[in-house]
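# Per-entry structural report
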Amino acid sequence: MVAIRTWALIGIISAAVIIGLPHNLCQGEVLGFEIDDVGLGDGRQPNRNFMRNGSNDQVPFGADSIYDTAEYALGSYTHNILFIQDDQLRDLDDREHPKVSPDDCDTINCGMVHWSQSMLDSRKQRVEESASYWNEESESRHHPGAQLDITVHFTNDIYNEGAPFTVDDIGNTSSSVGFVDALGLIDPDYAQYSSFSTATRHFNDDIRRAKNSHWAVTTFIKPYYGRASASINGPYTKGYEDDPSWTYLHELGHIFGALDEYGSHETDEISGYLHTHNTNAANLPGGEPNENSISAVMKTHGVHTISDGTLNAIGWRDTDENTIPDILDTNPTLIADTSNSQPAERIFQAQINTSVSPLVSPDPAEGDYTINTLTSAQYRVNRELWTNLLPVDGDFGDYTEEFLVERTFSIEGNHYIDFRITNSVGNYTQQRFEFVALPDPVVIPGDANADGLVDITDLGIVGVNFNITGAEFSDGDFNSDLIVDIEDLGILGANWSMAQEPSLVPEPTSLGLLIGAMGCLTRPRRSTDHFIS
Ligand SMILES: [Ca+2]
Ligand SMILES: [Ca+2]
Ligand SMILES: [Ca+2]
Ligand SMILES: [Ca+2]
Ligand SMILES: [Zn+2]
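Residues numbered from 1 in each chain as written. Chains lettered and ligands numbered in written order. Predicted model: local features only at pLDDT ≥ 70, side-chain atom pairs only at ≥ 80, totals over all residues. Heavy atoms only, no water.

We now examine the coordination of the calcium ion (ligand 1). For the calcium ion (ligand 1), the full set of protein donor atoms is Asp318 (OD), Asp320 (OD), Asn322 (OD1), Ile324 (O) and Asp329 (OD), and the range of their distances to it is 2.2 to 2.4 Å. On the primary sequence, the residues serving as donors to the calcium ion (ligand 1) are separated as D-x1-D-x1-N-x1-I-x4-D. (Donors = N, O, S within 2.8 Å, 3.2 Å for Na, K, Ca; no water.)

Moving on: the coordination of the calcium ion (ligand 2). Note on the calcium ion (ligand 2): its protein donors are Asp393 (OD), Asp393 (OD), Asp395 (O), Asp398 (OD), Glu401 (OE) and Glu401 (OE). The metal-donor distances range over 2.2 to 2.6 Å. Coordination at the calcium ion (ligand 2) comes from 6 donor atoms whose angles at the metal span 53 to 150°, giving a geometry best classed as irregular. Along the chain, the residues that donate to the calcium ion (ligand 2) are spaced as D-x1-D-x2-D-x2-E. For the pair formed by Asp398 and Glu401, the shared burial category is buried. (Tetrahedral: all angles 85-135°; square planar, octahedral: opposite > 155°, others 65-115°. Buried < 20%, exposed > 50% of the residue type's maximum accessible area, 1.4 Å probe, protein only.)

Right, let's talk about the nonpolar core for a bit. In this structure, Tyr77, Trp134, Leu148, Ile150, Phe256, Trp316 and Leu328 are the most contacted members of the largest nonpolar core, which totals 45 residues. At the level of elements, strand E1 (75–85), helix H1 (117–141), strand E2 (148–154), strand E4 (215–222), helix H5 (245–255) and helix H6 (308–313) are the ones that each hand at least two residues to this core. Of all the elements, H1 adds the most residues to this core, at 6 residues. Setting aside anything within four residues of it in sequence, one finds Ile150 in contact with Tyr77, His79, Ala131, Trp134, Asn135, Leu252 and Phe256. Counting residues in each nonpolar core, the second largest holds 21 residues, with Ala350, Phe409, Ile417 and Ala437 among its members. (Core = buried A, V, L, I, M, F, W, Y, C linked by side-chain atoms within 4.5 Å. Helix = DSSP H or I, 4+ residues; strand = E, 2+ residues; numbered from the N terminus. Contact = heavy atoms within 4.5 Å.)

Here we come to unusual backbone geometry. With omega at 15°, the peptide bond leading from Gly234 into Pro235 counts as cis. If you trace the backbone, Pro235 turns up in the loop between strand E5 (229–230) and strand E6 (236–240). The backbone of Arg346 shows a phi angle near 65°, a positive value even though the residue is not glycine. Position of Arg346 among the secondary structure elements: in the loop between strand E9 (333–337) and strand E10 (347–355). Judged by relative accessible area, which is 12%, Arg346 ranks as buried.

Let's shift gears to empty space enclosed by the protein. According to the stated counting rule, one finds 1 cavity of 30 Å³ or more in the structure shown. There is about 40 Å³ of room inside the largest cavity. Of all elements in the fold, only H1 and helix H2 (155–159) reach the threshold of two or more residues within the lining of the largest cavity. A per-class count over the lining of the largest cavity returns 3 nonpolar, 2 polar and 2 charged. (1 Å grid on protein atoms, 1.4 Å probe; cavity = no way out; pocket = protein on both sides within 12 Å on 5 of 7 lines; lining within 4 Å. Points joined across faces, edges and corners; volume = space filled by probe spheres on them. Nonpolar A, V, L, I, M, F, W, Y, C, P; charged D, E, K, R; others polar.)

For the rest of this paragraph, the subject is the pattern of salt bridges. For the structure shown, the criterion picks out 9 salt bridges. We note a salt bridge from Asp205 to Arg208, for which the minimum N-O separation is 2.9 Å. On the criterion of helical spacing, the pair formed by Asp205 and Arg208 is a turn pair, its members being 3 residues apart in helix H4 (residues 196–211). In this structure, Arg346 engages Asp440 in a salt bridge whose closest nitrogen and oxygen atoms are separated by 3.7 Å. Of this pair, Arg346 sits in the loop between E9 and E10 while Asp440 sits in the loop between strand E15 (428–437) and helix H7 (456–465); the two residues are 94 residues apart in sequence, bridging distant segments of the chain. Relative accessible area serves as the criterion here: at 58%, Asp440 is assigned to the exposed category. Three or more residues joined by partner-sharing salt bridges are found here, namely Asp205, Arg208 and Arg209. (Salt bridge = Lys/Arg side-chain N within 4 Å of Asp/Glu carboxyl O.)

Let us now look at the packing of aromatic side chains. Under the definition given, this model contains 21 aromatic pairs. Seen in terms of ring centroids, Phe61 and Tyr399 are 5.8 Å apart; in terms of plane orientation they differ by 50°. Their pairing is tilted. One end of the pair, Phe61, is in the segment before E1; the other, Tyr399, is in the loop between strand E12 (387–388) and strand E13 (400–408), and 338 residues separate them in sequence. Tyr399 gets classed as buried once you look at its relative accessible area, which sits at 1%. Lying over the aromatic face of Phe154, Lys124 brings its terminal NZ or CZ to 5.0 Å of the ring centre. A cation sits over an aromatic face here: Arg420 above Trp386, 4.8 Å from the ring centre. (Phe/Tyr/Trp six-rings, centres within 6.5 Å; stacked < 30°, edge-to-face > 60°. Lys NZ or Arg CZ within 6 Å of the ring centre and 35° of its normal.)

Counting buried positions along E1 yields 11 of 11 residues, so the element is predominantly enclosed. Note that E1 and E2 share 7 bridges and pair parallel. The residue of E2 that forms the bridge with His79 is Val152. Pairing between E1 and E4: 7 bridges, direction parallel. Along E4, the bridge assignment pairs Asn80 with Thr218. In the sheet, E1 pairs with strand E3 (residues 165–166) via 2 bridges, with the strands oriented parallel. (Pairing = 2+ DSSP bridges.)

This part takes up the sheet that holds E15. Sheet strands line up and pair through hydrogen bonds in the backbone, either parallel or antiparallel. The 4 strands lie next to each other as E12-E11-E14-E15, forming an open sheet whose pairing is antiparallel. Two strands in the sheet have a free side with no partner beyond their single neighbour: E12 and E15.

Moving on, we come to the pairing of E6. Most of E6 sits out of view: 5 of its 5 residues are buried. Covered by surrounding structure in E6 are Tyr236, Lys238 and Tyr240 together with Thr237 and Gly239, the residues of both alternating faces. For E5 and E6, the ladder comprises 2 bridges, and the chain directions are antiparallel. Paired with Ala230 across the strands is Thr237, a residue of E6. Hairpin connection of E5 to E6: 5 residues between the antiparallel strands, including Asn233 at a positive phi of 60°.

Sheet architecture is open: 3 strands sit in the order E9-E10-E13, paired in antiparallel fashion. A strand with exactly one partner marks an edge of an open sheet, and here the two such strands are E9 and E13. Across the sheet, the mean angle separating the axes of adjacent strands is 20° when strand polarity is ignored. As judged from the 5 bridges shared by E9 and E10, these two strands associate in the antiparallel manner. Within E10, the position partnered with Asp337 by the bridge is Gln351. (Axes fitted to C-alpha atoms, helices over the stretch in contact; angles between N-to-C directions.)

Moving on: the confidence of the model for the protein. The predicted model of the protein averages 83 in pLDDT, with 78% of residues at 70 or higher. Predicted confidence is poor over residues 36–50, with pLDDT under 50, and the contacts of this stretch with residues over four places away or in other chains come to 25 contacts. Here residues 511–533 scores under 50 on pLDDT; set against residues more than four positions off or in separate chains, the count is 18 contacts. (pLDDT = per-residue confidence, 0-100.)

If you want it as structure tokens, here you go:
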């Protein structure tokens, strides 16, 4: 037994008790290495697979399954395409974009509104082009861990052998009639929703889980002329046969949070996760023309340029220009519990809970989400080489990871343990723990209670246990012969602490008398009426 002494710990000590943490220690690899203190600089090349959602949670950290299906243009998207049709005839001359000449009817629907295979093929190509454009824009701008990665999912090919979904009625331009019916052909469960928007949210969530993507959006495409539209931040866009690839590009901009910049739009409008102004809008507040407005993807037909206003709205603002957009340029957090350390045994132990941390959206109505994951952890002792550390569950790639760091020191004194957790954009958080390993206890013969003094308390212990067998040091057996007897009393007397008043040092002969009194004093008595020895 050794007295517990205080020991220092620098850093965060969690008051929270970590429950259910497995007790197996995850040993680090037995190799040390140097790492750059200003960044990992590992030179990773863009890798689209890296952007798939590999975490155990199937929605981004902090996101809601149904309501957060498209929040910004970062992470992996599944773009569901549903080609739909019905059997009705429509007056295709009554439309947004009139035919240029009668020859147009060779390439577009002028009669029965049905998709032909060649039409489907060319429109699929346009959707693919729009996805590629966004993906390439991201790749040329961003860190490999901060990419947008859109994958087009042609649902007709998967669920209807490539054929359009044919429903009773798809309505007129801008109508959403028939959308729920089309989803119901994929799974009747979707037909239970009265709102096509809600049905589409559920479909998006199901598909993103199935595809391991962070987000999903669905575009319903009708086989006649119309004016495409989209809901800001999802869940859908409406498309038509006459849409060029630019239209899909533009509508995806809305899905990522961007507003239109043409027409009557004004610069004081606010949108997106970063809650920013529509600075490239055609008009200033009040309607005066915005002289600084440029031709751009959210403003001008056929133009791909992304305005600064759109960059902010879709979450591509990168204030420090390190290629990691602000939304993902955050550091992990960690909370450590070192209460299981044993300074007397010189064992340092830290249970460390780590987590990604979303950038808090300035939009009070918006939740806070991130697609960052945790990708590596290291620790080092006394500023020596770093050692890799695996999380308790054995694999990185989650939004939260738990670690157990344990180290037994052979040398007493102060030790420093550094722990570092790194996320998928290479940002890390480091914490230093100071641990004081206690010296071996000095065993004083006669000090039964190990308080550093041989005094009346130890005498009491000997008294209580006098003549017992099978005794230990703490019972008063100081010569290890398993019995507490006069010999132990002698050892106690010989070591009577100098801190005591000299006059109180008992001689072995008088100790025997004292022992008798002590024994009575410490034994339970039924009655206090007869206090006699
Ligand atoms: Ca940045
Ligand atoms: Ca894990
Ligand atoms: Ca003592
Ligand atoms: Ca003994
Ligand atoms: Zn628009």
